[in-house]
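So the chains spell out like this:
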Amino acid sequence: MRPVLAVCIALLGAWLLPAQAAAPSCKLCVNRGTTPCGKHGKLLEVEHGPVSQLCSAVAECKACAGALAIDCRHCVNEPAESALAERQRLAREWLQGRRKAVDAVAAREPYAHLQTPHFDLACGLKPATIGRDKLDQHARLHLYGERLEALHAKFLATFELAEADLPDRMTVVLSEEGKDQQVLGPRLTGLGPAGAIGLKLMGPEYVYTVYHDRRSLPDDEALHRAVVHNVAHLLLSQMRTAQWLGNRAHGWLDEGVPHWFEETVVGKCTNFCFEEILLQTPASFKGGKWRPAVRKIVDEGKSPLFATFAAKNSDQLTFVEHAFCFALVDFLLQRHGGAKFRDFLRLVKKDVPTRDALQQVFGLNPLSIDAPFHAWVKDTYSPLPN
Ligand SMILES: [Zn+2]
Ligand SMILES: [Zn+2]
Ligand SMILES: [Zn+2]
Ligand SMILES: [Zn+2]
């Protein structure tokens, strides 16, 4: 028989007998060689989702040992079995590494660990009621994993960045107790003081550690805001060209951008990267609602002029200036768009002077920016609390 004809007959046969050809020889696993692990309850879908790559609760599952699947007891499928074993090995080795990097340093109750596409997250948070749900440590781990990845995606979208602009992984460690943060924070960031509520390392490794200090962060929402503010700092620093702007006379950008994300994602600004301020006033400035506060100051003609704070470092900014940094970022983003703001950041990170970068991207200068900014505030911000 000619080959073409033989192929045609074979295809016809397959078409005539589809059910017979597709019938699985093992009905239990439908010839996959594995069945789903039944020990993950409501979180099974989350464990399989795009945010969860590796999870300590899965790695420690007595039934599947990290594979989320069990070898089929009815059939032999060697490729599936070796894939299962490989997945278990990967989970085991990953968890050993995380335990060594985090748990071995803190030496207390084990942390829950999660690897997501961009973060290595460790969570020692106790169970808490969030909204209507009571979440245990493992569920809070996944909630923060999703929040971190959502922030990463929002940062990329806001400044119209590519993945390659944020190439570095970030480590985030959330502790319940101050005594764990006191050991872990300085060890993982190489920074002090040990008594700080949170510490962050802005490059070339990117690390944020914090504990749930009840005085300054009364609930999960406040902790979430602190995470958003501080991780926005890490994202801004690592954005290529990698550079921390906070101690290079660009405090208004270094603080303004994290405030903007804090407000946009969690509705208020309550975090200041200046230790004494953080320790003094957990209640924040103007209840964290800065748009009406800025509008009121502009109406009163008491606005700090851009040129007076544009060259300060982050830890030199006053409360009022923090609020104006937020509003300036809001103005530039909303009036001129994220792509222009990104171009401006890139110039500043390459040490182009602020006045030249402002001129080049926005057609403004440090003296001419105040008038359109204040006019925009009057047009856009309500003086009433929102
Ligand atoms: Zn089977
Ligand atoms: Zn999990
Ligand atoms: Zn399992
Ligand atoms: Zn900050």
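Shown above is the structure to which this text applies.
Note that this is a predicted model, so its numbers are computed, not measured.

Reading the values: the criteria
- Residues numbered from 1 in each chain as written.
- Chains lettered and ligands numbered in written order.
- Predicted model: local features only at pLDDT ≥ 70, side-chain atom pairs only at ≥ 80, totals over all residues.
- Heavy atoms only, no water.
- Phe/Tyr/Trp six-rings, centres within 6.5 Å; stacked < 30°, edge-to-face > 60°.
- Helix = DSSP H or I, 4+ residues; strand = E, 2+ residues; numbered from the N terminus.
- Buried < 20%, exposed > 50% of the residue type's maximum accessible area, 1.4 Å probe, protein only.
- Lys NZ or Arg CZ within 6 Å of the ring centre and 35° of its normal.
- Pairing = 2+ DSSP bridges.
- Contact = heavy atoms within 4.5 Å.
- Axes fitted to C-alpha atoms, helices over the stretch in contact; angles between N-to-C directions.
- Donors = N, O, S within 2.8 Å, 3.2 Å for Na, K, Ca; no water.
- Tetrahedral: all angles 85-135°; square planar, octahedral: opposite > 155°, others 65-115°.
- Expected span 1.5 Å × (residues − 1).
- Core = buried A, V, L, I, M, F, W, Y, C linked by side-chain atoms within 4.5 Å.
- Parallel < 35°, antiparallel > 145°, perpendicular 65-115°, else oblique.
- Nonpolar A, V, L, I, M, F, W, Y, C, P; charged D, E, K, R; others polar.
- Salt bridge = Lys/Arg side-chain N within 4 Å of Asp/Glu carboxyl O.

A. Fine view of the packing of aromatic side chains. This structure, assessed with the given rule, holds 19 aromatic pairs. Arranged with centres 5.9 Å apart and planes meeting at 75°, the rings of F306 and F309 form a pair that is edge-to-face. Remark: F309 and F306 occur in helix α12 (residues 306–309); sequence separation between them is 3 residues, near one turn of the helix. The pair F306 / F309 is uniform in exposure class, with both members buried. Connected via pairs of aromatic rings, a cluster forms that spans F155, F159, W252, W260, F261, F306, F309, F341, F344 and F362. Sitting above the plane of the Y144 ring, R147 keeps its charged end 4.7 Å from the centroid.

B. Inspection of the sheet that holds strand β8 (residues 170–175) at higher detail. With respect to topology, 6 strands assemble into an open sheet ordered β2-β4-β5-β8-β10-β9, the strand pairing being mixed. Across the chains shown, the open sheet's two edge strands, defined by having one partner strand only, are β2 (54–55) and β9 (198–202). Each of β2, β4 (112–115), β5 (119–123) and β8 touches helix α6 (residues 137–158); the most contacted strand, β5, lies at about 150° to it.

C. Representation of the side chain of S303 in the model. Tracing the backbone through its elements, the reader meets S303 in the loop between α11 (290–299) and α12. Apart from residues no more than four positions distant in its own chain, S303 is found in contact with I297, V298, F324 and H374.

D. View of the coordination of the zinc ion (ligand 3). Within the protein, the atoms that donate to the zinc ion (ligand 3) are C37 (SG), H40 (NE2), C61 (SG) and C64 (SG), at distances of 2.1 to 2.3 Å. Note that the zinc ion (ligand 3) binds 4 donor atoms; their angles at the metal cover 106 to 113°, and the shape is tetrahedral. Summarised as a motif, the one-chain spacing of the donors to the zinc ion (ligand 3) is C-x2-H-x20-C-x2-C. Of the two residues, H40 is situated in the loop between β1 (34–36) and α3 (44–48) and C64 in the loop between α4 (56–59) and β3 (69–71); the sequence distance between them amounts to 24 residues. Each member of the pair, H40 as well as C64, carries the same accessibility label: buried.

E. Quick peek at helix α14 (residues 338–349). Its 12 residues place the ends of α14 16 Å apart at the C-alpha level, agreeing with the 16 Å of an ideal helix rising 1.5 Å per residue. Along α14, the positions that sit buried rather than exposed are G338, F341, R342, F344, L345, L347, V348 and K349. Looking at the residues trailing α14, positive phi occurs at D351, about 70°.

F. Expanded view of unusual backbone geometry. Residue G203 is joined to P204 through a cis peptide bond whose omega torsion reads -5°. Relative to the helices and strands, P204 resides in the loop between β9 and β10 (206–211). With an omega of 5°, the peptide bond between R240 and T241 qualifies as cis. When you line up the elements, T241 lands in the loop between α8 (220–238) and α9 (251–266). Positive phi, close to 65°, is recorded for N31, a residue that is not glycine. One non-glycine residue, A249, lies in the positive phi region at around 65°. With respect to the helices, strands and loops of the structure, A249 is situated in the loop between α8 and α9.

G. Structural view of the nonpolar core. If you look at the biggest cluster of nonpolar residues, it comprises 85 residues, and the most contacted ones within it are F155, F159, V231, W252, F261, F341 and F344. Discounting residues that sit within four places of it in the chain, F261 has contacts with L151, K154, F155, T158, F159, V228, A232 and V266.

H. Highlighting the packing of α11 against helix α13 (residues 319–336). Where α11 contacts α13, the two axes come as close as 10 Å, and the packing angle between them is 100°. What the angle tells us is that α11 and α13 run roughly perpendicular. Each of W290, R291, V294, I297 and V298 in α11 lies in contact with α13, whose residues at this interface are V320, H322, A323, F324, F326, A327, D330 and Q334. Residue composition of the contact of α11 with α13, by class: 9 nonpolar, 2 polar and 2 charged.

I. Geometry of α13. Taking 1.5 Å as the rise per residue, α13 with 18 residues should run 26 Å; its terminal C-alpha atoms sit 26 Å apart, in good agreement. For α13, a buried count of 13 out of 18 residues is recorded, marking the element as mostly surrounded by other parts of the structure. Trailing α13 by a residue or two, G337 shows a phi angle of about 90°, which is positive.

J. Structural detail: the coordination of the zinc ion (ligand 1). Taken together, the protein donors to the zinc ion (ligand 1) comprise C26 (SG), C29 (SG), C72 (SG) and C75 (SG), at separations of 2.2 to 2.3 Å. Taken together, the 4 donor atoms coordinating the zinc ion (ligand 1) span angles of 103 to 114° at the metal, a pattern that classifies the geometry as tetrahedral. If you list the donors of the zinc ion (ligand 1) from N- to C-terminus, the spacing comes out as C-x2-C-x42-C-x2-C. One exposure class covers both C26 and C29, and it is buried.

K. Fine view of the pattern of salt bridges. Summed over all chains, the structure comprises 22 salt bridges. Salt-bridge contacts for E263 lead to R291; the nearest nitrogen and oxygen are separated by 3.1 Å. Here E263 is found in helix α9, whereas its partner R291 is found in helix α11, with 28 residues between them in sequence. Accessibility expressed as a relative area gives 12% for E263, which makes it buried. On the basis of relative accessible area, R291 is assigned to the buried category, the value being 19%.

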